[in-house]
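# Observations on chain architecture
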Number of protein chains: 2
Amino acid sequence: MEGKYKVIEVKQSVFALNAEKADATRALLKEKGVFLLNLMASPGAGKTTLLRETIKRLSPKYRIAVMEADIDGSCDADAMARDGVKTIQLHTCGLCHMDADMTRHGLDELGLEDVDLIILENIGNLVCPAEFDTGAVRNAMLLSVPEGEDKPLKYPLMFQVSQCVMISKTDTIPFFSYDLAKAKENIRGRNSEAVIIPLSARTGEGVEEWCRWLSDEVEAWKRMN
Amino acid sequence: MEGKYKVIEVKQSVFALNAEKADATRALLKEKGVFLLNLMASPGAGKTTLLRETIKRLSPKYRIAVMEADIDGSCDADAMARDGVKTIQLHTCGLCHMDADMTRHGLDELGLEDVDLIILENIGNLVCPAEFDTGAVRNAMLLSVPEGEDKPLKYPLMFQVSQCVMISKTDTIPFFSYDLAKAKENIRGRNSEAVIIPLSARTGEGVEEWCRWLSDEVEAWKRMN
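Residues numbered from 1 in each chain as written. Chains lettered and ligands numbered in written order. Predicted model: local features only at pLDDT ≥ 70, side-chain atom pairs only at ≥ 80, totals over all residues. Heavy atoms only, no water.

### Considering the nonpolar core
The test is simple: For our purposes a nonpolar core is just a set of buried Ala, Val, Leu, Ile, Met, Phe, Trp, Tyr and Cys residues, chained together by side-chain atoms within 4.5 Å. The buried label applies to any residue whose accessible area, calculated with a 1.4 Å probe on protein chains only, is under 20% of its type's maximum; exposed applies above 50%, and partly exposed to all values in between. Here, residues are in contact when the closest pair of their heavy atoms is within 4.5 Å.
Ranked by size, the top nonpolar core spans 139 residues in total, and within it I118(A), M166(A), W210(A), I118(B), M166(B) and W210(B) carry the most contacts. Setting aside anything within four residues of it in sequence, one finds M166(B) in contact with L39(B), L50(B), A140(B), M141(B), L142(B), L143(B), I197(B), L199(B) and W210(B).

See the structure below:
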């Protein structure tokens, strides 16, 4: 049937349009000197806990704001607001990921004038958020110890699109007889360039290293301006 | 612009078509006296481990087969095959959920002649699998203790469509200072009818109760034939 009709790759065109919008967001962020981080993970991997620790450590240095993306509920945004952090809650109304349009909507509501670093806490999901460029300058993800070492084998794209992969809840390593070397090897198999940081928000292990990585990225972004 | 053009709810029609196909699968399963269970959870909540325990306990009673759905990889299917279980691996090629068509494809490959109970291990994801009826007779899900008590607030649909909600890895309750009563209350808030079973595949707690629930459902389905 070739040549008889036009074949339209709908999914591809959706991704292309999204990528275009994401690039436009990055151009705006660059112009304003604002860094946007997209933080991703499975449900319950410790995104919110790490976020609160990160803000505590970096807020003397940067004006930080948070966008909490959830399908429903607002418990994370409530926690952020209680901490005195500039926060907005984004409801995806059932959708499993944030895309460039939704992220831009959030940024427009938040405003880019009095802020240096914005962190988007994406929907807890190892699949779909990886497919949509949000317009963030960098992607970071958490893989928690209780999830097991094999997740990079099963959810490749998430590991491929993340510049920093944190292995979280390392304080539970003895409990789960977790093989940290195997986990790192599996991550490396998907992304040889990613910075890998084992950490525990509970014991503090690795949190300083993570904050340093993030700080360095924010500074590099500012220098590009 | 009302009345000027036809508005087509694309997503709704996708769901309607999927529901129709899922009903057709259930009709076929009923005719053949085969029970299909759709098992869902976040990545790493313990689906495969529970599945292996379930098969050990129920295989004297039923002829069991497994469909392992993954985006990539085959480590779960390999484990099942090593256990001597009739298994097929379904690759969704990037897709975040199983739908009725994909499930039917798997069932056709597996064959419905020499089997009583088929368990579909869905993609590890608390969002999208809940949106698509696979044609299963029953949905069951695992919420693991390390994920936290608040997940029913954030991922409502998954809890609403599951007839059985297991709270897994209960042996980690002391470690995470987990509030089991709060978790149950949050599940109840989304689904007052669901059977809730706290369990640990490691200690064996609750596994018998889960197998009894599943057995009772299989028997009830057979009686409907």
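So much for the structure itself; the text now carries on.
### Thoughts on unusual backbone geometry
What counts is decided by this rule: Secondary structure follows DSSP: runs of H or I at least 4 residues long count as helices, runs of E at least 2 residues long count as strands, and numbering of each begins at the N terminus.
Despite not being glycine, S177(A) has its phi angle at roughly 45°, a positive value. Turning to its location among the elements, S177(A) is positioned in the loop between α7 (173–176) and α8 (180–190). Positive phi is not limited to glycine here, since K169(B) has a value of about 60°. Residue placement: K169(B) occurs in the loop between β6 (164–168) and α7 (173–176).

### Some details on the pairing of strand β2 (residues 64–70) of chain A
Residue and element names in this part refer to chain A. Our working definition: Two strands qualify as a pair provided that DSSP identifies no fewer than 2 bridges between them. Throughout, right-handed denotes a crossover for which the path from the first strand over the helix to the second runs clockwise when the strands point away from the viewer.
Of all seven residues that make up β2, seven are buried, and the element is covered over most of its length. Here β2 shows a buried face lined by I64, V66, E68 and D70 and a second buried face lined by A65, M67 and A69. Sheet analysis places β2 next to strand β4 (residues 117–121), joined by five bridges and oriented parallel. Across the sheet, the residue bridging to I64 is L117, located in β4. For the segment spanning β2, helix α3 (residues 75–82) and strand β3 (residues 86–91), crossover handedness is right-handed.

### Some words on the packing of helix α2 (residues 47–58) of chain A against helix α9 (residues 207–223) of chain A
Residues and elements named next belong to chain A. Selection criterion: A fitted line through C-alpha atoms serves as each axis, taken over the contacting stretch for helices, and the angle formed by two N-to-C directions is quoted from 0 to 180°. Throughout this description, any angle smaller than 35 degrees is read as roughly parallel, any larger than 145 degrees as roughly antiparallel, any in the 65 to 115 degree range as roughly perpendicular, and the remainder as oblique. Throughout, a crossing is termed right-handed when the near helix is turned clockwise from the far one, and left-handed when it is turned anticlockwise from it by less than a right angle. For this classification, Asp, Glu, Lys and Arg are treated as charged, while Ala, Val, Leu, Ile, Met, Phe, Trp, Tyr, Cys and Pro are nonpolar and the rest, including Gly, are polar.
One way to put it is that α2 packs onto α9 with a least axis distance of 10 Å and a crossing angle of 70°. Here α2 lies roughly perpendicular to α9, going by the angle between them. Seen from above, α2 lies across α9 with right-handed handedness. Of the residues in α9, those touching α2 at L50, E53, T54, R57 and L58 are V207, E208, W210, C211, L214 and S215. By residue class, the composition of the contact of α2 with α9 is six nonpolar, two polar and three charged.

### Focus: the relation of the copies chain A and chain B
For clarity, the threshold we go by: Least-squares superposition aligns the copies on the C-alpha atoms of those residues with pLDDT at or above 70 in both.
Overlaying chain A with chain B gives an RMSD of 0.0 Å, the required rotation being 180° about an axis along which the chain moves by 0.0 Å. On the angle and the small slide along the axis, the relation comes out as a two-fold axis. Within chain A, N125(A) has its C-alpha nearest the rotation axis, a separation of 3.0 Å. Comparing interface residues between copies, 97% of those in chain A also lie at the interface in chain B; the contact surface is shared.

### Here we look at the packing of aromatic side chains
The condition is simple: Between 30 and 60 degrees the pair is tilted, below 30 it is stacked and above 60 it is edge-to-face, where a pair is any two Phe, Tyr or Trp rings, Trp via its six-membered ring, whose centres lie within 6.5 Å.
Under the criterion given, the structure shown has seven aromatic pairs over all chains. With a centroid separation of 5.7 Å and 20° between ring planes, the pair formed by W210(A) and W213(A) is classed as stacked. Note that W210(A) and W213(A) are positioned in helix α9 at a spacing of three residues, about one turn of the helix. Given the relative accessible area of 1%, W210(A) is considered buried. Chaining the aromatic ring pairs together yields one cluster made of F175(A), F176(A), F175(B) and F176(B).

### A short note on the sheet that holds strand β7 (residues 195–198) of chain B
Residue and element names in this part refer to chain B. Spatial ordering of the open sheet is given by β3-β2-β4-β1-β5-β6-β7, a layout of seven strands whose pairing is parallel. The outermost strands of the open sheet, each flanked by one partner alone, are β3 (86–91) and β7. Mean inter-strand twist for the sheet, computed between neighbouring axes without regard to direction, equals 20°.

### Here we look at the interface of chain A and chain B
Selection rule: For any pair of parts, buried area is found by adding up, for both, the accessible area (1.4 Å probe) each one loses once the two are put together. A side-chain nitrogen of Lys or Arg and a carboxyl oxygen of Asp or Glu constitute a salt bridge if their distance falls within 4 Å. Polar contact criterion, stated in full: a pair of N or O atoms within 3.5 Å, where within protein one must be able to donate a hydrogen and the other to accept it, and residues adjacent in sequence count only if both atoms are side-chain atoms.
The partner chain B presents 35 residues to the 36 residues of chain A that form the contact. Carbon and sulfur atoms make up 59% of the surface buried where chain A meets chain B, a total of about 2,700 Å² over both sides. On the surface where chain A and chain B come into contact, there are four salt bridges. Residue D72(B) pairs with R190(A) through a salt bridge whose shortest N-O separation is 3.5 Å. Counting every contact that joins chain A to chain B gives ten residue pairs in polar contact (both at pLDDT 80 or more).

### Digging into the pattern of salt bridges
Residues and elements named next belong to chain A. Tallied over the full model, the rule gives 34 salt bridges over all chains. The salt bridge involving D83 is made with R52; its shortest N-O contact spans 2.8 Å. Highlighted residues: D83 in the loop between α3 and β3 and R52 in helix α2, separated in sequence by 31 residues. Judged by relative accessible area, D83 falls into the partly exposed class, the value being 40%. Among the salt bridges present, the one from K182 reaches E185, with a minimum N-O distance of 3.5 Å. With K182 and E185 both in helix α8 and three residues apart, the pair spans about one turn of that helix. Residue classification places K182 among the partly exposed residues on the basis of a relative accessible area of 35%. One salt-bridge network, in which partners are shared between bridges, spans E53, K56, R57 and E208.

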